[in-house]
Amino acid sequence: MASLSSAKRVVIKIGSALLVEEGRLRRDWLYGLAEDVAALRGRGVDVVLVSSGSIALGRGVLGLPNTALPLEQSQAAASVGQIRLARAYEEALAPHGIAAAQILVTLEDSWDRRRFLNSRATLDQLLSLGAVPIVNENDTIATDEIRFGDNDRLAAQIAVTVGADTLVLLSDVDGLYTSNPTLDPKATRFDVIEEITPEIENMAGDATSSLSKGGMKTKVIAGKTATSAGCAMVIMEGSVYRPINALEAGANATWFTAQTDPITARKSWIFAMKAHGAVRVDTGAARALTDGNSLLPAGVIDVIGTFERGDSVAIEGPDGRIVGYGLTRYSSEDARKIMGHNSTEIEALLGYSGRAALIHRDDMAL
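The rules we used
- Residues numbered from 1 in each chain as written.
- Predicted model: local features only at pLDDT ≥ 70, side-chain atom pairs only at ≥ 80, totals over all residues.
- Heavy atoms only, no water.
- Pairing = 2+ DSSP bridges.
- Helix = DSSP H or I, 4+ residues; strand = E, 2+ residues; numbered from the N terminus.
- Contact = heavy atoms within 4.5 Å.
- Axes fitted to C-alpha atoms, helices over the stretch in contact; angles between N-to-C directions.
- Parallel < 35°, antiparallel > 145°, perpendicular 65-115°, else oblique.
- Nonpolar A, V, L, I, M, F, W, Y, C, P; charged D, E, K, R; others polar.
- Phe/Tyr/Trp six-rings, centres within 6.5 Å; stacked < 30°, edge-to-face > 60°.
- Buried < 20%, exposed > 50% of the residue type's maximum accessible area, 1.4 Å probe, protein only.
- 1 Å grid on protein atoms, 1.4 Å probe; cavity = no way out; pocket = protein on both sides within 12 Å on 5 of 7 lines; lining within 4 Å.
- Points joined across faces, edges and corners; volume = space filled by probe spheres on them.
- Salt bridge = Lys/Arg side-chain N within 4 Å of Asp/Glu carboxyl O.

Student: How do you make sense of the sheet that holds strand β8 (residues 192-193) when you look at a structure like this?
Tutor: Sheets are built from strands paired through backbone hydrogen bonds, the pairs being either parallel or antiparallel. Spatial ordering of the open sheet is given by β5-β6-β4-β1-β7-β9-β10-β8, a layout of 8 strands whose pairing is mixed. Of all the strands in the sheet, just β5 (100-105) and β8 have a single pairing partner and so form its edges. Relative to strand β10 (residues 253-256), β8 runs parallel, the two being bridged by 2 bridges. The residue of β10 that forms the bridge with valine 192 is tryptophan 255. Each of β1 (9-14), β4 (46-51), β6 (132-137) and β7 (166-171) touches helix α2 (residues 27-42); the most contacted strand, β4, lies at about 155 degrees to it. In the packing of helix α4 (residues 71-93) onto the sheet, the strands contacted are β1, β4, β5 and β6, and the crossing angle to β5 comes to about 150 degrees.

Student: Whenever I open this one, the packing of helix α7 (residues 151-162) against helix α9 (residues 216-228) confuses me. Can you help?
Tutor: Angle between the axes and distance between the axes: these two values describe a pair of packed helices. Their axes nearest at 8 Å, the elements α7 and α9 cross at an angle of 10 degrees. The orientation of α7 relative to α9 falls into the category roughly parallel. Contacts between α7 and α9 involve Asp152, Arg153, Ala156 and Val160 from the first element and Thr218, Lys219, Ile221, Ala222, Thr225 and Ala226 from the second. Looking at side-chain class alone, the contact of α7 with α9 contains 5 nonpolar, 2 polar and 3 charged residues.

Student: Teacher, can you tell me more about the packing of aromatic side chains here?
Tutor: Remark: the centre distance and the inter-plane angle together describe each pair of aromatic rings, the angle taken between the planes. Under the counting rule described, the total for this entry stands at 2 aromatic pairs. Between phenylalanine 271 and tyrosine 325 the ring centres are 5.9 Å apart and the planes differ by 75 degrees, which places this aromatic pair in the edge-to-face class. Of the two residues, phenylalanine 271 is situated in helix α11 (residues 262-272) and tyrosine 325 in strand β14 (residues 322-327); the sequence distance between them amounts to 54 residues. Given the relative accessible area of 41%, phenylalanine 271 is considered partly exposed.

Student: So what exactly am I meant to see when it comes to the layout of surface pockets here?
Tutor: In this approach a probe as big as a water molecule rolls over the atoms, and the regions it shows empty are the leftover space. By volume, the second largest pocket amounts to about 600 Å³. Taken together, 28 residues line the second largest pocket, and the ones lying closest to its centre are Arg120, Val160, Gly163, Pro262 and Arg266. Secondary-structure elements contributing two or more residues to the lining of the second largest pocket are α5 (108-111), α6 (113-128), α7, α9 and α11. Looking at the lining of the second largest pocket element by element, the count peaks at 6 residues for α11. Split by residue class, the lining of the second largest pocket holds 13 nonpolar, 5 polar and 10 charged.

Student: Explain the pattern of salt bridges here, please?
Tutor: Oppositely charged side chains may form a pair once their charged atoms are brought near each other. Scanning the entire structure with this criterion turns up 17 salt bridges. Across the pair arginine 120 and aspartate 363 runs a salt bridge whose closest N-O atoms are separated by 3.7 Å. Residue arginine 120 is found in helix α6, and its partner aspartate 363 is found in the loop between α14 (346-350) and β15 (364-365); the two are separated by 243 residues along the sequence. For lysine 219, the salt bridge is made with aspartate 152, and the minimal N-O distance between the two is 3.2 Å. Here aspartate 152 lies in helix α7 and lysine 219 lies in helix α9, a separation of 67 residues in the sequence.

As C-alpha cells, then:
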C-alpha cells in the first residue's frame, strides 16, 4: 500500500468545507493540521499547502449568502477573507517555529513559462529556507478565462511546479467509489488506482457542497496531472483532527500511483518542447553539466537565435553538437551581454540583479 513514509516533498490541499464552517474558521482543526505539518517538517519533508477558504471566510465577514455569488462579490469576499486566512495559518504554524508564506496565483502563471519559472524559483527558495508556502488562487483579480476554477487542479499544478512526489487531497469523502456512496449503498471504495482509465473517469461525480467548487471529477483530473508528472496522489476524508496523522495510521483513502518519478517526467517535458534558439558552451562547462551542475554565463561562448526568458533552448557543446535542452532564465539579448562573464558581474552588465545561472540544472535535460 502506498504511504507517506518515503515522501520528500508533499503538497496538501485543504478545501473550504474543512476549514470554514458557517463563515467561521475551524481553528481547532487548523491547529491540528499545523501539528501534522510540523511533524512532516521535523523529519525533513518539504510541505506546501494549497488552501481554499478566502471567499468562504470573507462572505461570513461581509454577511453574504452561502450561494453562488456574482464575480464582483466573490472577489470582494476573497480580498477580505485572504487577510484572515493568511493570518490564521501564520498563527497556527508559529508555535512550531515555522514561517508561513503566502503565494497567490492564477492559471496564467502556469501557462506562461516565465511566470512558471518565477513561481518555481520562489517556491523552491521558500522551501529551502524552511518556510511553508500557503498557495491559493488569486480570486481578487482572476476572471473566468484565467482561473483554475477549483483548488484540486491548482494543487496538482503546484505539485508539478515544485516537483512534489505526493499530493494529498483532504476532502469530504474518504476516497473514490465505484459510484456516489451517498446515493448507492452498494458503492465500493478503491484502495489503489494504478491507472486512470476512461472507466475510472466516468465514476467521478460533481461537487455537492455549496462551499466547494471541486467534486470527484476535478479530483480525478488532478490525479491525471499529478501522476503523469511523477507525483502520487491520495484522496482522504479530512475533517478529522490531525488528518495527515490519521492517513499515516491507516485511515481509509484512495491512492493514485505515480506513472514515473518527478525528475524523469520533468526531463521528458523539457525534451518535448520546441527549442527557440541555442547556447554553445565551452569544454569545461560541458563537463560541468554532465556532473549535474547548472549552466553559468561564464561557460557560454555563443548565443544563437532569438528567444525570451522561459523559452526552451538547445545546449550545444564546443563542437556544435547538441548535448541537451533547457529553459533559459535570460532572453537572447541579455544572454549575449553576460556570456563569458562571472555571475557576480550580471548586475553591472544588465542593470539589474539577475539569477546566477543561465539555465538551472532543474530546468535542464541532457
